Each structure stands twice: as C-alpha cells, then as structure tokens.
Amino acid sequence: MSDSDCLFCKIANGEIPTDFLYEDDLVVAFRDINPLTPTHVLVVPKKHYDNICDNVPAETLAAIAHAVDVVTKAEGIDKTGYRCVTNTGDDGGQSVHHLHVHVLGGRKLRGDMGEGM
Ligand code: DGP
C-alpha cells in the first residue's frame, strides 16, 4: 500500500482531522474509533511502516515508547497498568497496515491474550 492510500498516514499528516493526545516530530497518539477499553489509544509513527518489523528506526521505536509513557500518565493508568499491542499481519488481526501500538487500559484486562481483551 502506498502512503497516499493509507488511513493512518492521512491521520498522522493531518489530512483527516483528528484530535491528538500527543504529538512530536515522529509520532502521534489518538483515540481508537472503536474503543475496547475505557482508555484505548493508538500510537502511530508519522512515517509509514507496514508493521513493527518494517525496518523501523530505533529513534522511532523510542518515540513510540515515550508517547506510551506520556499518554498513560495523562490517562491516569500508568500505575494501575495497561497493555500495549501491535497486531501484525492477517493472522495477527491487523486491519490497518501502518504500524500502530494499541494502548489499552482503564479496567482489569483478561490475563490471556485472547479476543475481547
Ligand atoms: P488493527 O486492527 O490492529 O489494525 O487496529 C486498527 C484500529 O484502528 C482499530 O482498532 C480501529 C482503528 N481505526 C480504524 N479507522 C480509524 C479511524 O478512522 N480513526 C480512528 N481514530 N481509529 C480508527
């Protein structure tokens, strides 16, 4: 998929107006349109990578981790706990093929990694 066809490229570059909870030079964070938990935020690099193994630079991975830190503190879930998930490929349940990390929290999550969190 080219960047021009990519939904998260359009959100990250402002083509599709979206409220960002966090933004820096490398990443944005915004609420998932279909939240599974009270806090369900997506952390998305501005540059297009298909998934976590698409030669993502270390500084972008660090920026993602920093965004998770900022967002979870702002949401008040940094102490209670949360889950970060990056679905990869069809069997992994990835529907948007632009790297993104789901940040899920605000309630007790199931201990397993099955559907429904
Ligand atoms: P995944 O299935 O792991 O690729 O996650 C994609 C997520 O993106 C899914 O939870 C729903 C969310 N999503 C899809 N379209 C939009 C959108 O237009 N806006 C927002 N905020 N989230 C979206």
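Scroll up to find the structure this text is about.
Residues numbered from 1 in each chain as written. Predicted model: local features only at pLDDT ≥ 70, side-chain atom pairs only at ≥ 80, totals over all residues. Heavy atoms only, no water.

Neighbouring the ligand are 15 residues; R31, D32, N87, S95 and H102 lie closest to it. Here N87 contributes a side-chain N or O atom positioned 2.7 Å from an oxygen atom of the ligand. At 3.1 Å, a backbone N or O of G93 approaches an oxygen atom of the ligand. With three residues, the single largest contributor to the shell around the ligand is helix α1 (residues 7–12). Residues that form the shell around the ligand fall into these classes: seven nonpolar, six polar and two charged. (Near = heavy atom within 4 Å. Polar contact = N/O pair within 3.5 Å; in protein donor to acceptor, adjacent residues only side chain to side chain. Helix = DSSP H or I, 4+ residues; strand = E, 2+ residues; numbered from the N terminus. Nonpolar A, V, L, I, M, F, W, Y, C, P; charged D, E, K, R; others polar.)

What follows is about the layout of surface pockets. In this model, the second largest pocket occupies a volume close to 160 Å³. In terms of lining, the second largest pocket is formed by I77, T80, G81, Y82, R83, G106, R107, K108 and L109. (1 Å grid on protein atoms, 1.4 Å probe; cavity = no way out; pocket = protein on both sides within 12 Å on 5 of 7 lines; lining within 4 Å. Points joined across faces, edges and corners; volume = space filled by probe spheres on them.)

The subject of this paragraph is the sheet that holds strand β5 (residues 101–105). Across the sheet, which stays open at both edges, the five strands sit in the order β1-β2-β3-β5-β4 with antiparallel pairing between neighbours. If you trace the sheet from one side to the other, it starts and ends with β1 (22–23) and β4 (82–85), each paired once. Here two bridges tie β1 to strand β2 (residues 27–31), and the two strands are oriented antiparallel to one another. Bridging across to β2, E23 finds its partner in V28. (Pairing = 2+ DSSP bridges.)

Turning our attention to the packing of aromatic side chains. Per the counting criterion, the structure on display carries two aromatic pairs. Aromatic side chains F8 and F30 sit 5.6 Å apart centroid to centroid with 80° between the ring planes, which places their arrangement in the edge-to-face category. Separated by 22 residues along the polypeptide, F8 in helix α1 and F30 in strand β2 bring together distant segments of the chain. Just as F8 is buried, F30 falls in that class too. Ring centres of F20 and F30 lie 6.4 Å apart, and the angle between their planes is 45°; on these two criteria the pair is classed as tilted. Remark: F30 occurs in strand β2 and F20 occurs in the loop between α1 and β1; sequence separation between them is 10 residues. (Phe/Tyr/Trp six-rings, centres within 6.5 Å; stacked < 30°, edge-to-face > 60°. Buried < 20%, exposed > 50% of the residue type's maximum accessible area, 1.4 Å probe, protein only.)

This paragraph deals with the pairing of β2. Of all five residues in β2, four are buried, a share of seventy percent or more. As consecutive antiparallel partners, β1 and β2 are separated by three residues. Where β2 and strand β3 (residues 39–45) come together, five bridges link them in antiparallel fashion. Each bridged residue has a counterpart across the sheet, and for R31 the counterpart in β3 is V41.

We now examine the pattern of salt bridges. Overall, the coordinates contain four salt bridges when judged by the stated rule. Linking K46 and E23 is a salt bridge whose minimum nitrogen-to-oxygen distance equals 2.9 Å. Here K46, found in the loop between β3 and α2 (58–75), pairs with E23, found in strand β1; they are 23 residues apart in sequence, far enough to count as distant. (Salt bridge = Lys/Arg side-chain N within 4 Å of Asp/Glu carboxyl O.)

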